[in-house]
Every structure is written in structure tokens, then in C-alpha cells.
Amino acid sequence: MTATPRTPAMGPTEWAMLIALSVLWGGSFLFIGIAVKAVPPLTIVLARVGIAALALNLVLRLSGQRLPIDGRFWVAFAIMGLLNNLIPFSLIVWGQARIPSGVASVLNAMTPVFTVIVAHFLTSDEKLTGNRLAGVALGFAGVAVMIGPAAVMGLGADVIGAVAVLLAALSYAFSGIFGRRFRGYGLSPLVAATGQLTATTAMMTPLAVLVEQPWTLPAPGLGPVAAIVALALASTALAYILFFRILTAAGAVNLSLVTLLIPMSAVFFGAIFLHEALAARHLAGMGLIGLGLLAIDGRLFAAFRRAPA
């Protein structure tokens, strides 16, 4: 009899990396919100991936590692870059120019829902379970409660912008499943991150040049420039090193939980940097998100079931 494949588990190290990744990607909504007021979407994405690719290629050389020359790796880098960078980055920036960043982060939290469904049909070891369905429902409910009714009402401002962010979340779901094959490639997280960002830059350059002609745009101010640099180095270069480490160790569904934590980071950024007070709904939402993560992880509830009566 063939053993049923086990879903990768989340240990303390994976949870720590997931939380760090949520902070880095939570900041991306803030940086995009600043940059998009002065720079068009495709140019922002090109600068984001281009600067990140340059930084990681430098780190790669200093570490003594090299990008592979085998064509099959570059095909994988290109597909991953398309699904995980070019499509979702462009859709989120385009959508965030039309809807508030809080609404965008809520819609981005649909990624675990899409990932659970996609993984059920396209993988053999990340099948749909009751715990996962309940956990995703609790997590998304927590995000909705934390953002509040004002964000939901804001959807009416531009439905197309909201749909763009939802399509970005769907693209992230497919990228997480496709990225599973990197486990068997024997590539370090640094090489995988550098390869996909380099491939994305190569694809993004002609698109941005043809559509927006960045050299004809007025020079942005210091704020948007600083936001784009932070977006590239922190929310992209560093974040993707963590991304591939988590994907390799814990799987696509567990990795997608980061989108449930991102709005929490946004609330804390607002409290610390913008002096915004934490409302009761923020605390209630965080509690629901915590329960959702525990339900998807499953181990705590399993321990209660095993405990003697």
C-alpha cells in the first residue's frame, strides 16, 4: 500500500520567517501608495524588479555563487517571474492607483483561498481539508473585521481596480504551486530569487519602455524615489530570499498564509509611523487571524484531540 504524502509542516523557524516576510510585504503597500502618486505602474514595477535583481546579483557574486546556465532553469525562472512578479506586481500597482491600500491588502488576502483550491487540483500532498477551509475562512474574516466596513465600502470606487488585485492574488496562488518544483532543483534560495528577478527584469523592460517610455516622464521627488528603493531592496530582494526558503521548507499553502498577516503589519505601521490608534476591530481581527493560522496548521487542535479526557 502506498503511503499518503505528508503536507510540509510549519516549525518555529518557518513561522518566524513567515512573520518577517509579512512585515516586508506589508510595507510594500505603503511604498506603492507613495510611489504611485508620481510614477506610472509599469515603471514602478520595472524599477522594483530591476533594482532588486541588481542587488541580488551583487550579493550572489560576493557569496561565490553563480546563476545556472542550464536552459531548463531559465524557463522555470521566466515562468515563476511571470506568475510571481510581472503579472501580480503590475496588477496590484495598477489597482492600488484606483482603490485604497487597505482594500488592496484585504483583496490580496484571498491568495490562501485560491492556493488551497489550486493546490487541491494540481498537487498530491496539499489536498483540501476541513481544517484548511475553516482556517482560511477565519483568517479572511479577521482581515475584513480588522480593516473595517469603510474599506469594504471603498470597493464601489473602482470595481475594476478591485478585480485587478484579485487576479493578482490568483496569479500568486499559481506561482506558489509552480514554485514547488524548485525544491528538486537543488538551487539555494538566493540563486532562485536572483534568477526569477533577473528573468522578470528582462521581460519587464520592453513592456515598460514601449507602454510608458519612462525617460519622458518628469523626475519624481525624493519621497517616491526612496519608496521605490525600499520597495526593491526590502520588500522584493530580501523578501524573495525568505519566500523561497519558506516555499522549500513548508509548501505553497503554508507560504500563502503570509497574505493573512500582511494587513496586521499595515496596522502596526500606521500606529508606529502615522500615530494611528489601534481600534477594537484591529484587535478582534488579529484574534481571528491567529485562530485561522492555528486551524490551518492543525497541530494545536490535534494535540487537544489526543489529550486524555
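These numbers come from a predicted model, not from an experiment.

About the criteria used
Residues numbered from 1 in each chain as written. Predicted model: local features only at pLDDT ≥ 70, side-chain atom pairs only at ≥ 80, totals over all residues. Heavy atoms only, no water. Helix = DSSP H or I, 4+ residues; strand = E, 2+ residues; numbered from the N terminus. Buried < 20%, exposed > 50% of the residue type's maximum accessible area, 1.4 Å probe, protein only. Contact = heavy atoms within 4.5 Å. Areas by Shrake-Rupley, 256 points an atom, 1.4 Å probe, with all protein chains shown as cover. Axes fitted to C-alpha atoms, helices over the stretch in contact; angles between N-to-C directions. Parallel < 35°, antiparallel > 145°, perpendicular 65-115°, else oblique. Left-handed = near helix turned anticlockwise from the far one by under 90°. Nonpolar A, V, L, I, M, F, W, Y, C, P; charged D, E, K, R; others polar. Core = buried A, V, L, I, M, F, W, Y, C linked by side-chain atoms within 4.5 Å. Expected span 1.5 Å × (residues − 1). Phe/Tyr/Trp six-rings, centres within 6.5 Å; stacked < 30°, edge-to-face > 60°. Patch = residues over 30% accessible without salt bridge, like charges linked within 9 Å, V, L, I, M, F, W, Y side chains within 5 Å. Salt bridge = Lys/Arg side-chain N within 4 Å of Asp/Glu carboxyl O. Polar contact = N/O pair within 3.5 Å; in protein donor to acceptor, adjacent residues only side chain to side chain.

Novice: Would you explain the overall build of the protein chain in this entry?
Specialist: Of the regular secondary structure elements, the protein chain holds 14 helices and 0 strands. Tracing the protein chain from N to C terminus, the helices and strands come up as α-α-α-α-α-α-α-α-α-α-α-α-α-α. Within the protein chain, the proportion of its 309 residues that are buried is 50%. At a minimum sequence separation of 6, the contacts of the protein chain that also span at least 24 residues come to 90%. When the accessible surface of the protein chain is totalled, it reaches about 14000 Å², and 73% of it is carbon and sulfur.

Novice: Even after reading the chapter, I still don't get unusual backbone geometry, so can you show me in this structure?
Specialist: For residues besides glycine, phi is generally negative; the peptide bonds are generally trans as well. At glutamine 213, a residue that is not glycine, the phi angle is positive and equals roughly 45 degrees. Classification of glutamine 213 as partly exposed rests on a relative accessible area of 37%.

Novice: How should I be thinking about the packing of helix 3 (residues 71-96) against helix 10 (residues 222-250) in this particular structure?
Specialist: A pair of packed helices can be characterised by two numbers: the angle between their axes and the separation between those axes. Taken N-terminus to C-terminus, the directions of helix 3 and helix 10 make an angle of 135 degrees; their axes are 14 Å apart at the nearest point. Between helix 3 and helix 10, the interaxial angle falls into the category oblique. The two elements helix 3 and helix 10 meet at a crossing, and its hand is right-handed. Where helix 3 approaches helix 10, its residues Met80, Asn84, Asn85 and Phe89 are matched on the opposing element by Thr236, Tyr240, Phe243, Phe244 and Leu247. Of the residues in the contact of helix 3 with helix 10, the class split is 6 nonpolar, 3 polar and no charged.

Novice: Please clarify how the nonpolar core should be interpreted in this entry.
Specialist: Across soluble globular proteins, nonpolar side chains have a tendency to be buried as a group. In terms of nonpolar packing, the biggest core is built from 84 residues, with Leu21, Phe182 and Phe243 touching the most fellow members. Of all the elements, helix 10 adds the most residues to this core, at 12 residues. Beyond its immediate sequence surroundings of up to four residues, phenylalanine 243 is in contact with Leu21, Trp25, Met80, Asn84 and Leu255.

Novice: Please explain helix 5 (residues 111-122) as it appears in this structure.
Specialist: Between its first and last C-alpha atoms helix 5 spans 16 Å; for 12 residues at 1.5 Å apiece the expected length is 16 Å, and the two agree. Listed in full, the buried residues belonging to helix 5 are Thr111, Pro112, Thr115, Val116, Val118 and Ala119.

Novice: Could you clarify how one ought to interpret the packing of aromatic side chains in this entry?
Specialist: Aromatic ring pairs are defined here through the distance separating the ring centres and the angle between the ring planes. Applying the stated criterion across every chain, the model contains 7 aromatic pairs. On the basis of an interplanar angle of 80 degrees and a centroid distance of 5.0 Å, the ring pair of tryptophan 74 and phenylalanine 77 is categorised as edge-to-face. Remark: phenylalanine 77 and tryptophan 74 occur in helix 3; sequence separation between them is 3 residues, near one turn of the helix. The exposure class of phenylalanine 77 is buried, given its relative accessible area of 0%.

Novice: Would you explain a nonpolar patch on the surface in this entry?
Specialist: On the surface, a cluster of nonpolar side chains totalling about 430 Å² of accessible area is made up of Ile117, Phe121, Leu122 and Phe174. If one sorts the elements of the nonpolar patch by residue count, helix 5 sits on top with 3 residues. Within the secondary structure layout, isoleucine 117 lies in helix 5. Using a relative accessible area of 42% as the deciding quantity, one classes isoleucine 117 as partly exposed.

Novice: When you look at the environment of phenylalanine 73 in this model, what are you seeing that I'm missing?
Specialist: Here phenylalanine 73 lies in helix 3. Taking C-alpha positions, phenylalanine 73 is 8.5 Å from glycine 195, a pair spaced 122 residues apart along the chain.

Novice: Would you mind going over the side chain of glutamine 96 with me for this structure?
Specialist: Looking at the secondary structure, you find glutamine 96 in helix 3. Reaching out from glutamine 96, the side chain makes a polar contact with the backbone oxygen of phenylalanine 29 at a distance of 2.8 Å. When neighbours within four sequence positions are excluded, glutamine 96 is seen to be in contact with Phe29, Ile32, Gly33, Ser101 and Ala104.

Novice: What's the story with the pattern of salt bridges in this structure? I'm lost.
Specialist: A side chain of one charge can pair with a side chain of the opposite charge if their charged atoms are brought near each other. Under the definition given, this model contains 1 salt bridge. For arginine 72, the salt bridge is made with aspartate 70, and the minimal N-O distance between the two is 3.3 Å. By relative accessible area, arginine 72 is classed as partly exposed at 48%.

Novice: What should I look at first to understand the environment of leucine 122 in this one?
Specialist: Looking at the secondary structure, you find leucine 122 in helix 5. The sequence separation of leucine 122 and phenylalanine 178 amounts to 56 residues, and the corresponding C-alpha distance is 9.3 Å. Setting aside its immediate chain neighbours within four residues, leucine 122 contacts Phe174 and Ile177.

Novice: Help me understand the environment of leucine 217 in this model?
Specialist: Looking at the element boundaries, leucine 217 is found in the loop between helix 9 (189-212) and helix 10. Among the residues examined, leucine 217 registers a relative accessible area of 31% and is labelled partly exposed. Considered as a pair, leucine 217 and proline 40 are 177 residues apart in the sequence and their alpha carbons are 9.0 Å apart. Contacts of leucine 217, omitting those with residues within four sequence positions, involve Pro40, Thr43 and Glu212.

Novice: Can you walk me through the packing of helix 5 against helix 8 (residues 159-178) in this structure?
Specialist: The N-to-C vectors of helix 5 and helix 8 enclose an angle of 40 degrees; their axes lie 8 Å apart at closest approach. If you check the angle between helix 5 and helix 8, you find them oblique. You can see that helix 5 and helix 8 cross each other, and the crossing is right-handed. Where helix 5 abuts helix 8, its residues Thr111, Phe114, Thr115, Val118, Ala119 and Leu122 lie against Leu166, Ala169, Leu170, Tyr172, Ala173, Phe174 and Ile177. The residue makeup of the contact of helix 5 with helix 8, split by class, is 11 nonpolar, 2 polar and no charged.

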